[in-house]
Amino acid sequence: MKTIIITGGCGFIGGHFIRLINRLTDWRVVNVDKLTYAGSVNGIGNLQEGQRYRFIKADIVDRDRMSSLFAEEKPWAVVNFAAESHVDRSILDPGPFLQTNLIGVQILLDMARQYEVERFLQISTDEVYGDAEGKESFTEGSLLSPSSPYSSSKASADLLCLSYLRTYGLPVLVSRSTNNYGPHQYPEKLIPLMIRNAVLGQELPVYGDGLQRRDWISVEDNIQALYLILTEGKSGSIYNIGTETDVTNLEVVEEICLGVANDKGWEYEKLIASIRHIKDRPGHDRQYAVDTQKIRIELGWTPTTSFQSGIKSTVAWYLQNPSWETQSSDEDYQRYKEAVYSKQWGRSQN
């Protein structure tokens, strides 16, 4: 039986990926997660400790713990989802992002090299390319020009992974996905935040004019792409993942309002009236856009979920699972919300 180590498996995308691996393979999954504010064991569904699944609460920055784990499990593959992932938080405090997203990756790479891992998949982001406004869609060979501490830490990790391929021959792969959405996402992210606020009758805060454009991909479409990259991707390759269709942040919020209104029988216009434009975040990119022809041609992948149908089903899931939103009541979330939305990046409201 093959063993795969999946780091950050209690996070949003990692949890979905573990469930997919459990459905499609007979591999043994070792889920390594620090269980930070955004991690939840509920995200992996009904998986129980046993021959095919093991959970380890650990920090990938802990070299000794990683060394003992790799020595014990001897995985054939590693998929690294572990990351501090929210741009807003990276602006407030870049330190944790450099620790987890760069130093943690370096430690995992060292372990993979030492224990001769056959596949190392680094989960990255389209944000490493920077702002696409006025430019052609970025290909895997485009210049990296990250704008935030978060995207800079991810770009640095990408380059580090590729250097281990060149220097040590480590079989690495890098995926760069666009914005993911779906069930089980922590409510600091745009879509679950807006669903939560709409249901609670709170204001819907939108940065700046709300016309920033993003490519939104269903998490289910994304994890299917990641599985293909892991199993069939060419070692040393980078793969962009996205729908090649973008919408504005304001359009996302309007679609959520429509979904909530239809599901609850509420007036759409009243929800729309709750939108509040607030001070834009520092360094906010206006647009992200990636060319995904490589993964479509080489691996035969294509997204199957339209934005409208995906948002509709996502809204329905959150409304049917209100307990998931209780995460937003913890102290860490409230401090974050206060710093970003109430004080608007350290400035008191007028």
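Anything mentioned here points back to the structure above.
Nothing here was measured: the structure is a model prediction, and the numbers come from that model.

1. Quick look at the overall build of the protein
Assigned secondary structure in the protein consists of 12 helices and 12 strands. For 350 residues, the compact-globule estimate of 2.2 N^0.38 gives 20 Å, and the C-alpha radius of gyration of the protein, at 20 Å, lies within 12% of that figure. For the C-alpha atoms alone, the extent of the protein along its principal axes is close to 60 × 45 × 40 Å. Per-residue burial over the protein gives 55% buried out of 350 residues. Once local pairs closer than 6 in sequence are excluded, the contacts in the protein between residues at least 24 apart make up 81%. Accessible surface, the protein as shown: approximately 14700 Å² in total, 47% of it carbon and sulfur. Computing the positive centroid from 36 side-chain charges and the negative centroid from 45, the protein places the two 3 Å apart.

2. Some points on the packing of helix α2 (residues 63-73) against helix α4 (residues 95-114)
Interaxial distance between α2 and α4 falls to 10 Å at its minimum, and their mutual angle equals 30 degrees. Between α2 and α4, the angle is such that the two are roughly parallel. Relative to α4, α2 is oriented so that their crossing is right-handed. Residues Arg-63, Met-66, Ser-67 and Phe-70 of α2 form the contact with α4, whose own contacting residues are Gln-106, Ile-107, Leu-108, Asp-110, Met-111 and Ala-112. The residue makeup of the contact of α2 with α4, split by class, is 6 nonpolar, 2 polar and 2 charged.

3. Concerning the sheet that holds strand β9 (residues 213-218)
Across the sheet, which stays open at both edges, the 3 strands sit in the order β7-β9-β11 with mixed pairing between neighbours. Each edge of the sheet is formed by a strand with only one pairing partner; in this case those strands are β7 (179-181) and β11 (246-248). Each neighbouring strand pair of the sheet contributes to a mean axis angle of 50 degrees, computed without reference to strand direction. Here 3 bridges tie β7 to β9, and the two strands are oriented parallel to one another. Considered in β9, the bridge of Tyr-181 is made with Ser-218. Sheet strands touched by helix α7 (residues 219-232): β7 and β9. Its angle to β9, the strand with the most contacts, is close to 75 degrees. Contacts from helix α8 (residues 249-264) reach β9 and β11 within the one sheet, and its direction differs from that of β11 by about 80 degrees.

4. Structural notes on the packing of helix α6 (residues 190-200) against helix α11 (residues 307-320)
Axis separation between α6 and α11 bottoms out at 10 Å; the angle between their running directions is 55 degrees. Classified by the angle between their axes, α6 and α11 sit oblique to one another. Crossing of α6 over α11 shows right-handed handedness. Contact residues: Ile-191, Pro-192, Ile-195 and Val-199 in α6; Ile-311, Thr-314, Val-315, Tyr-318 and Leu-319 in α11. In terms of residue class, the contact of α6 with α11 is built from 8 nonpolar, 1 polar and no charged.

5. Notes on the pattern of salt bridges
Pairing of side chains with opposite charge becomes possible as their charged atoms draw close. Taken as a whole, this structure holds 12 salt bridges when the rule is applied. Measuring nitrogen to oxygen at the nearest pair gives 3.1 Å for the salt bridge that ties Asp-246 to Arg-213. Of the two residues, Asp-246 is situated in strand β11 and Arg-213 in strand β9; the sequence distance between them amounts to 33 residues. For Asp-246, a relative accessible area of 22% corresponds to the partly exposed category. Each of Arg-28, Arg-54, Glu-72 and Glu-73 takes part in a single network of salt bridges with overlapping partners.

6. Here's the deal with the side chain of Gln-185
Tracing the backbone shows Gln-185 in the loop between β7 and α6. Since its relative accessible area comes to 6%, Gln-185 is described here as buried. Ignoring anything within four residues of it in the chain, the contact list for Gln-185 reads Phe-12, Asn-180, Pro-192, Tyr-318 and Trp-324.

7. Quick look at the packing of aromatic side chains
Inspection of every chain in the model, using the stated rule, returns 10 aromatic pairs. Measuring from centroid to centroid gives 6.2 Å for Tyr-181 and Phe-307, while their planes differ by 75 degrees, and the two rings are edge-to-face. With Tyr-181 in strand β7 and Phe-307 in helix α11, the pair connects residues that are 126 residues apart, well separated along the chain. For the residue pair Tyr-181 and Phe-307, the accessibility class agrees, reading buried in each case. Pairing Trp-317 with Tyr-318 gives two aromatic rings, centres 5.0 Å apart and planes at 90 degrees, and the pair type is edge-to-face. For the pair formed by Trp-317 and Tyr-318, the shared burial category is buried. For Arg-113, the ring lying beneath its charged end belongs to Tyr-168, and the centroid distance is 3.7 Å.

Rules of the game
Residues numbered from 1 in each chain as written. Predicted model: local features only at pLDDT ≥ 70, side-chain atom pairs only at ≥ 80, totals over all residues. Heavy atoms only, no water. Helix = DSSP H or I, 4+ residues; strand = E, 2+ residues; numbered from the N terminus. Rg over C-alpha atoms; globule rule 2.2 N^0.38 Å. Buried < 20%, exposed > 50% of the residue type's maximum accessible area, 1.4 Å probe, protein only. Contact = heavy atoms within 4.5 Å. Areas by Shrake-Rupley, 256 points an atom, 1.4 Å probe, with all protein chains shown as cover. Lys, Arg positive; Asp, Glu negative; His and termini not counted. Charge placed at Lys NZ, Arg CZ, Asp CG, Glu CD. Axes fitted to C-alpha atoms, helices over the stretch in contact; angles between N-to-C directions. Parallel < 35°, antiparallel > 145°, perpendicular 65-115°, else oblique. Left-handed = near helix turned anticlockwise from the far one by under 90°. Nonpolar A, V, L, I, M, F, W, Y, C, P; charged D, E, K, R; others polar. Pairing = 2+ DSSP bridges. Salt bridge = Lys/Arg side-chain N within 4 Å of Asp/Glu carboxyl O. Phe/Tyr/Trp six-rings, centres within 6.5 Å; stacked < 30°, edge-to-face > 60°. Lys NZ or Arg CZ within 6 Å of the ring centre and 35° of its normal.

Spatial relationships are all this shows, so hold off on functional conclusions.
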